[in-house]
Amino acid sequence: MTRTALSIPRRAGIFSRLAPRRIGLVTWVCAALAVAAFGVTSGPARAAEMTGRSASGLMHDEEALIAIYKAASPGVVHITSTVLSQDFFFRVVPERGTGSGFMVDDKGLILTNNHVVENADNLEVTLADKGKVAAKLGGRDPENDIALIRINVPKERLTPLRLGDSSQLQVGQMAIAIGNPFGLDRTITRGVVSAVGRSLKSDSGRQIRNVIQTDAAINPGNSGGPLLNSRGEVIGVNTAIFTPSGGSVGIGFAVPVNTVRKLLPQLIARGRASHPWLGISGMDINPAVAKALSLPTGEGVMIAQVAPNGPAARAGLRGSQRRVRVGNYLVNVGGDIIQTLDGEKIATVDDLTAFLDERKKVGDEVRVDVLRDGKPHAVTVRLGELPEN
């Protein structure tokens, strides 16, 4: 992003209308006021102060950016994943992909995106010193596109990055991305936090919530790299871009670091994250759908399927009973329509998953109020754990 520097007005111009040759009391008063306003510094230091530059000749924000890069870039790595597949003649063919990651401790743990390492048969990490080391998968959470890999190197080759607090982000503050776009190691780009609280659908189909949007240039290969604030702290994990061309158009997305903080202990301890599970698939109801299907309500989640022996099935919730054609589509209908969870209104499937992820944990009970055949009905469900696949 190109930023327009704000010029500082030349204060001497304030006095430019005074006659320069008229020496007297007014002239001396003006001179005294100028000294009081500017201080006594002069020469290169005074010029640097007037232009917003440091004594080195660099702008202050340039120096800050250089310092952040020097401190953080050694902790950013280049990840190469290799997937073995077969061609038409059943010959084994290696397919390679690249992405980014960053160190989170001094024991060799590296955070990246799940889609960078998914299905990989081999993982290789290139460090800042250009050394290449083998890596092993340590844990992953496809629901939030987060994964941990592990390398075995001496501590002195590790530079863990500090994790910040994404809940304190403000739109407009600086955002800095470091990664390996198109295989170009440790590239830095700068922009701003364009928006917070976005939702992004993961490969598993579930919504990643509270996603950070930035205009810092993010391109293929940046996936898994850190998004930093002006203090050099990680505020997000770069994960996706919106692009009609395949390259950056200034709309990038990062998984918030507070989501990472929540998941890390589970990924380290058991190699996966635990998500509460109701055991249903459903469809959002809106007034248009309700009218087309002659439903008794214009809002809620209609249960399409209930997982066999899952939490909802054990509690007696019902899925669809039949299929009807609406235009060119066959729609499952007749299932319970979820209205509230523990008294909180549920309008969409995203509302439902957000409520479970943010308010509940595996083993908790939740009261589910539904409409069944147009009549209110309530059940209590003990939540299970979302299956890995």
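It should be noted that the structure appears before, not after, this text.
Everything in this summary refers to the structure shown in the same document. (Residues numbered from 1 in each chain as written. Predicted model: local features only at pLDDT ≥ 70, side-chain atom pairs only at ≥ 80, totals over all residues. Heavy atoms only, no water.)

Mapped onto the elements, Asp185 comes out in the loop between β7 (174–179) and β8 (187–201). Taking C-alpha positions, Asp185 is 9.0 Å from Thr126, a pair spaced 59 residues apart along the chain. Discounting residues that sit within four places of it in the chain, Asp185 has contacts with His78, Thr126, Lys130, Gly179 and Asn180. (Helix = DSSP H or I, 4+ residues; strand = E, 2+ residues; numbered from the N terminus. Contact = heavy atoms within 4.5 Å.)

This part covers the pattern of salt bridges. Side chains that carry opposite charge are capable of pairing whenever their charged atoms lie near each other. Inspection of the entire model under this criterion finds 20 salt bridges. The salt bridge involving Arg157 is made with Asp129; its shortest N-O contact spans 3.0 Å. Highlighted residues: Arg157 in the loop between β6 (146–150) and β7 and Asp129 in the loop between β4 (122–126) and β5 (132–141), separated in sequence by 28 residues. You can call Asp129 partly exposed: its relative accessible area is 46%. Each of Glu143, Arg206, Arg209, Asp357 and Glu358 takes part in salt bridges that share partners, so that together they form one network. (Salt bridge = Lys/Arg side-chain N within 4 Å of Asp/Glu carboxyl O. Buried < 20%, exposed > 50% of the residue type's maximum accessible area, 1.4 Å probe, protein only.)

The subject of this paragraph is the sheet that holds strand β10 (residues 226–228). An order of β7-β8-β9-β12-β11-β10 is seen for the six strands of this closed barrel, with the pairing classed as antiparallel. Pairwise comparison of adjacent strand axes, ignoring direction, gives a mean angle of 50 degrees for this sheet. Bridge count between strand β11 (residues 234–241) and strand β12 (residues 252–256): five bridges; the pairing is antiparallel. In the strand pairing of β12, Val237 is matched with Val255. (Pairing = 2+ DSSP bridges. Axes fitted to C-alpha atoms, helices over the stretch in contact; angles between N-to-C directions.)

Glancing now at the side chain of Thr214. Tracing the chain through its elements places Thr214 in strand β9 (residues 207–214). Among the polar contacts made by the side chain of Thr214, one reaches the main-chain carbonyl oxygen of Val192 at a distance of 2.8 Å. Polar contacts involving the side chain of Thr214 include one to the main-chain amide nitrogen of Ala216, which spans 3.0 Å. Filtering out sequence-adjacent residues up to four positions away, Thr214 remains in contact with Ala175, Val192, Ser194, Leu227, Gly250, Ile251 and Gly252. (Polar contact = N/O pair within 3.5 Å; in protein donor to acceptor, adjacent residues only side chain to side chain.)

A separate point is the nonpolar core. In terms of nonpolar packing, the biggest core is built from 27 residues, with Phe102, Leu111, Ile146, Leu148, Leu161, Leu228 and Val237 touching the most fellow members. Counting residues per element, the ones that place at least two in this core are α3 (60–72), β3 (109–112), β6, β7, β9, β11, β12 and α5 (257–270). At five residues, the largest contribution of residues to this core is made by α5. In contact with Leu161, other than residues within four places in its own chain, are Ala72, Gly75, Val76, Phe102, Met103, Pro226, Leu228 and Val234. The next biggest cluster of nonpolar side chains, apart from the first, holds 18 residues, and it includes Ile303, Ala312, Ile346 and Val381. (Core = buried A, V, L, I, M, F, W, Y, C linked by side-chain atoms within 4.5 Å.)

A few words now on the environment of Gly205. Mapped onto the elements of the fold, Gly205 is located in the loop between β8 and β9. Between the alpha carbons of Gly205 and Glu143 there is a distance of 7.8 Å; along the sequence they are 62 residues apart.

Pairing of strand β16 (residues 322–326) with strand β17 (residues 329–333), which is carried by five bridges, proceeds in the antiparallel orientation. The partner of Arg325 across the bridge, within β17, is Leu330. Between the end of β16 and the start of β17, which pair antiparallel, lie two residues, with Gly327 showing a positive phi angle near 65 degrees.

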